Structure formats: C-alpha cells, structure tokens
Amino acid sequence: MTSQLFTQLAQEFSILGGLLLAGVFLRARIGLFQNLFLPASVIGGFIGLVLGPVVLKENALLPIPEEFIRDFSLLPGILILPIIASIPLGVGMDPGTPSSKKTNAVLPMFLIGTGCAFGLFALGFATKIAFTALMPQLDIYPAFGMELALGFFGGHGTAGLVGNILQKLNMPYWEVAQGVAVTSATVGLVCGILLGMVFINIAARKNRINHLTTPGNLPREMRKGYEKDTNRQALACRETTHSSSIDSLAFHVAVILAVCGLSYVLTGFLKAYKVPLLSNIAEWAYAIALMLVVNRIIRGLGLSHLIDPKIKTKFTALLVDFSIVAAVASLPVSAVIKYALPMITMFILGVAMVYLIVMKLGGRIFNDYSFERCIALFGQSTGVIMTGILLLRICDSEMKTPVLKDFSISYALSTMICYALLLPVIRLLPDSMAIFWLTAGVASSCLVGAVIFKWKRSG
C-alpha cells in the first residue's frame, strides 16, 4: 500500500467522522430524532447520502469523490470481520454477569427470539419466491430475502455482513443486497421503537406492567444522546493491563485482530489446497470458531482478569458506528428502488410476523414479567438488542426485574446460533425454496420447543 492510499484512507475516515459529528449534533437538537432514538451514525449516513453525489449527482452539496463512495460501500464488509470475531471474547469472564443457571426463563426467551429470527429468514425468501413468479420482469437476485432477518435482527451493523458474504462469493449484486439490508435495518429500527411505544402505552392502561416509567419521563440525556453531569457519566471499562507494558484497549484490539489474521491465513491455506467445502467458508465463520478456542484457552490458563468485555464492546461499537455511516452514505438508491414493492411487502409482513410470534405467542409462554420479556424481544427482533433494552428500560427503569439478565443471555445464544446456521443458508443459494424450508423448519422447531416448555412447566 502506498502513502497515497494511506492518505486517501485517512481522508475517507475524516469525512465519515464529520458525518458522525453532524449526526450527534442533529440528534441533540431535533426532537423527532430524539423520539425515534435514531443513532447518530444513521443520521450522519443519511446526510451523506442525501447531500452527496449518490442522490444529487453532480449537484452534490457535499462534494465527496465517487471513489470515496465506492470505498464507503466496501468498508462495512471489511469491518464486519473484527466485529463478528469479537463476539465470543470474554464470554463467561465478566464478573458482573449472573449465571444462567439462576433462571428458568432464558430457554423460552432464546427459543422465541431464535424462532422469530429464522421465521424472518423464511418470510424473506418466501417473498422472493412469490415476486419472482408474479413479477419476473424485476429479475430479483438470488439472495434477496436474507436482508429481512439480517436487517431486523442484526441491525445496520450486519448490512456489511451481507455485502461481505456475497462479495466473497463473487456475486455482482452484493452492493444492492447491502443497500436492501441497510433499508431493512432502518425500517425495523423505526417500526420497533414506534410500535414498541404503542404497545407499552396499551399495556400500561391495562395494568400489565409491573414497574412502568412514563416514556415522557425518560432522561433528557438519553434522548439527546449525551450526559452533561460528569458524576453520572458511566465508567467505560476496567484497566486490565498496565500502560507501562500495553494499553488495555490496545491489548484487546490486538487479540481481536490476531484472530482475524489467523482466519485469513486459515482460509488462504484451505483455498490454496482447494479443500472441499472448507475452502468455501468465509473468514468470519472461522474467526468465530478461532475466538471460541482463544477464549477457552484464556479461561483455562486463568487469565480471565486480562479480558474486560466492556473494552471489547467499546472497540466493536466504534467499528459498528463507522460501518453504519459508511453503509448508509453509500446506499445505492436507484438500484434499491427497483425492488421497492417486494421490499415494502416484505417489511410489512416481517413486522406482522414479529408481532404475532413475540407479542402474541410469547405473551402466552412466559410465566412472570410476560410483557417485559415480550417487549424486549420485540425490540431485539426489529432493531437489535439496544432497541430491546431501550423499550425494557421504559417498563423497568430501575431494573428491578430479572428480565435484562435473561434477555442478555438469550440474545447472546440466539446470535451465535443464527451465525452458525447462516452457513448452510448461504451454501444453498440460489435455491430459495430449499432455504425457505430449512429456515421455516428451524423456526417451527424453536417455537414448538417453546410451547412444549410452557406445557411442561404448566403440567
């Protein structure tokens, strides 16, 4: 890499940083953004999209070079590797995380959440099958449909995963699919928060919430996106190493990047020797497996004190923010609009499915704090875990219930299962019917398992 490429990379990140700061400012100033709890990365990304060359072409108010836009579209697919690789690091090491053995509600929450995620996969591909038959002139690309689950359940961060997977498979439509995933995540986020607020108000009138905080009484700092009182600002992490040797953040980043490097080496080796099946698996899958091994070794050697999951989370959150603003700013609007009708249909049916599985079926499964568990899962299934936590905080501002603990554990388990089962889904492309039956089968098994769990508990 030449110094010119390094300079260009620095310039691109400078632009993305400016868009993030603009997003922070607008979130703090505009009530609509505060009420929707839109992340600054999404706001900043749309500023770059609307005022940049993607929408306004040669009349762009933000004269971002076209080559920068192309690099922005590639960035989420690159940054997704360390983001996903970091997931297993620190599992079982956080002294503040309660043991899952102390609760019997993790399993049904896991089953409902996972069943909903794979139900979204099945629904997405069913939509693709239907519109391929009804509107063949659209020439819908083979992977259309997977963006519903990855956008709703995974959020904006996993839009890069869509692009990464399809790009590695040399699929020419990877950029369009990434744009559809970004759109899906945005729709899911907005619908999750708006409908979540509606459900909370209805449940409050029916006295179904144990410890309710009126949505209007949420701290202004949460709405604005910053905390002015330095005494109330949360501490970010523990210093697990002495800076005389290595900075704690640098140590955690080094572990994550080392595992990413090993995954690149492993995939390169497998491809060089053309190992059947294994050579076609993406780096992120090997990165997760390698990090599980590394995490186990660290625990086995009694070195858990060196790992603070909060530091890891801060690093990956940084990558996610830059991934989101880059993905939104480079959204291929004209290509995505082509699939507007199947996308709208898919999103409407997706929200309806989440409602039926989580709010209706889930409401009958849980024995205690039923609404709180359902609303957290609803947020998770439409706008990632932070939406679920936000909605839960309205219902339980002082966290007097065990729901957050159960929710966090079930989400971690659901995420790992979804990533693991994503591999066979990808291997089946472009056989949409086979993918539909596979994902529908997994979803049905999870939901039937939740019903059986309820039946045994009642018996």
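Our structure is the block above this text.
These numbers were taken from a predicted model, which means no experiment stands behind them. (Residues numbered from 1 in each chain as written. Predicted model: local features only at pLDDT ≥ 70, side-chain atom pairs only at ≥ 80, totals over all residues. Heavy atoms only, no water.)

Participant: Would you mind showing me how to read the overall build of the protein here?
Facilitator: Within the protein, the secondary structure is distributed over 18 helices and zero strands. A globule of 459 residues ought to have a C-alpha radius of gyration of about 23 Å, and the protein, at 22 Å, matches this closely. Seen along its three principal axes, the alpha-carbon backbone of the protein occupies a region of about 65 × 65 × 50 Å. Counting every position in the protein, which comprises 459 residues, the buried fraction comes to 50%. The contacts of the protein with a sequence gap of at least 6 include a subset with a gap of at least 24, amounting to 77%. On the protein, roughly 21,400 Å² of surface is accessible, and the fraction owed to carbon and sulfur atoms is 65%. Side-chain charges of the protein comprise 35 positive and 23 negative groups, with the mean position of each set lying 10 Å from the other. (Helix = DSSP H or I, 4+ residues; strand = E, 2+ residues; numbered from the N terminus. Rg over C-alpha atoms; globule rule 2.2 N^0.38 Å. Buried < 20%, exposed > 50% of the residue type's maximum accessible area, 1.4 Å probe, protein only. Contact = heavy atoms within 4.5 Å. Areas by Shrake-Rupley, 256 points an atom, 1.4 Å probe, with all protein chains shown as cover. Lys, Arg positive; Asp, Glu negative; His and termini not counted. Charge placed at Lys NZ, Arg CZ, Asp CG, Glu CD.)

Participant: Looking at this model, I keep getting lost on the side chain of Glu-12. Mind explaining?
Facilitator: Relative to the elements of secondary structure, Glu-12 occurs in helix H1 (residues 3–29). For the buried Glu-12, no salt bridge exists, and the shortest N-O distance to an oppositely charged side chain is 8.7 Å, to Arg-70. The contact partners of Glu-12, leaving out residues within four places of it in the chain, are Glu-67, Phe-68, Asp-71 and Phe-72. (Salt bridge = Lys/Arg side-chain N within 4 Å of Asp/Glu carboxyl O.)

Participant: Sorry if this is basic, but what is going on with a nonpolar patch on the surface here?
Facilitator: On the surface, Phe-46, Val-50, Leu-51 and Leu-61 cluster together into a nonpolar patch covering about 330 Å² of accessible area. Here Leu-61 shows up in the loop between helix H4 (53–56) and helix H5 (66–85). (Patch = residues over 30% accessible without salt bridge, like charges linked within 9 Å, V, L, I, M, F, W, Y side chains within 5 Å.)

Participant: What am I meant to see in the packing of H5 against helix H8 (residues 159–168) here?
Facilitator: A pair of packed helices is captured by two measures, namely the crossing angle of their axes and the spacing between those axes. Direction vectors running N to C along H5 and H8 enclose 100°, while the axes themselves pass 7 Å from each other. Considering the angle they form, H5 stands roughly perpendicular to H8. Mapping the contact onto sequence places Leu-74, Pro-76, Gly-77, Ile-80 and Ile-84 in H5 and Gly-160, Leu-161, Asn-164 and Gln-167 in H8. Of the residues contributing to the contact of H5 with H8, the split by class is five nonpolar, four polar and no charged. (Axes fitted to C-alpha atoms, helices over the stretch in contact; angles between N-to-C directions. Parallel < 35°, antiparallel > 145°, perpendicular 65-115°, else oblique. Nonpolar A, V, L, I, M, F, W, Y, C, P; charged D, E, K, R; others polar.)

Participant: Explain the pattern of salt bridges here, please?
Facilitator: Close approach of charged atoms lets side chains of opposite charge pair. Summed over all chains, the structure comprises four salt bridges. Residue Arg-238 is joined to Asp-308 by a salt bridge in which the shortest nitrogen-to-oxygen separation is 3.8 Å. Of this pair, Arg-238 sits in the loop between helix H10 (220–224) and helix H11 (248–272) while Asp-308 sits in the loop between helix H12 (283–300) and helix H13 (309–329), and the two are 70 residues apart along the sequence. Overall, Arg-238 belongs to the partly exposed group, its relative accessible area being 34%. In this structure Asp-308 comes out as buried when scored by relative accessible area, which is 2%. One salt bridge connects Arg-373 with Asp-368, and the closest N-O pair in it is separated by 3.2 Å.

Participant: Explain unusual backbone geometry to me, please; I cannot follow it from the model alone.
Facilitator: Generally, phi is negative for residues other than glycine and the peptide bonds are trans, each holding for most cases. In this chain, Leu-429 is followed by Pro-430 through a cis amide linkage whose omega measures 5°. The residue Pro-430 is located in the loop between helix H17 (403–427) and helix H18 (432–458) in this model. Phi at Asn-170 takes a positive value of approximately 60°, unusual for a residue other than glycine. Its place among the elements puts Asn-170 in the loop between H8 and helix H9 (174–205).

Participant: Sorry, what's going on with a positive patch on the surface here?
Facilitator: Taken together, the side chains of Arg-205, Lys-206, Arg-208, Lys-360 and Arg-364 make up a positively charged region of the molecular surface. Secondary-structure assignment places Arg-208 in the loop between H9 and H10.

Participant: Is there a simple way to think about the state of the cysteines in this case?
Facilitator: Defined simply, a disulfide is a covalent bond joining two cysteines at their sulfur atoms. Per the stated rule, a full pass over the model turns up zero disulfides. Residue Cys-446 stays outside any disulfide, its sulfur separated by 8.4 Å from that of Cys-418, the closest cysteine. (Disulfide = S-S within 2.5 Å.)

Participant: Could you clarify how one ought to interpret the packing of aromatic side chains in this entry?
Facilitator: Any pair of aromatic rings gets described here by the distance separating the centres and the angle formed by the planes. One pass over the structure, following the stated rule, counts twelve aromatic pairs. Taking the centre distance of 5.5 Å and the plane angle of 50° together, the rings of Phe-13 and Phe-322 count as tilted. In this pair, Phe-13 is assigned in helix H1 and Phe-322 in helix H13, connecting sequence segments 309 residues apart. Among the residues examined, Phe-13 registers a relative accessible area of 29% and is labelled partly exposed. Overall, the relative accessible area of 18% leaves Phe-322 in the buried class. One aromatic cluster is present, formed by Tyr-141, Phe-144, Tyr-173 and Tyr-339 through successive ring pairs. (Phe/Tyr/Trp six-rings, centres within 6.5 Å; stacked < 30°, edge-to-face > 60°.)

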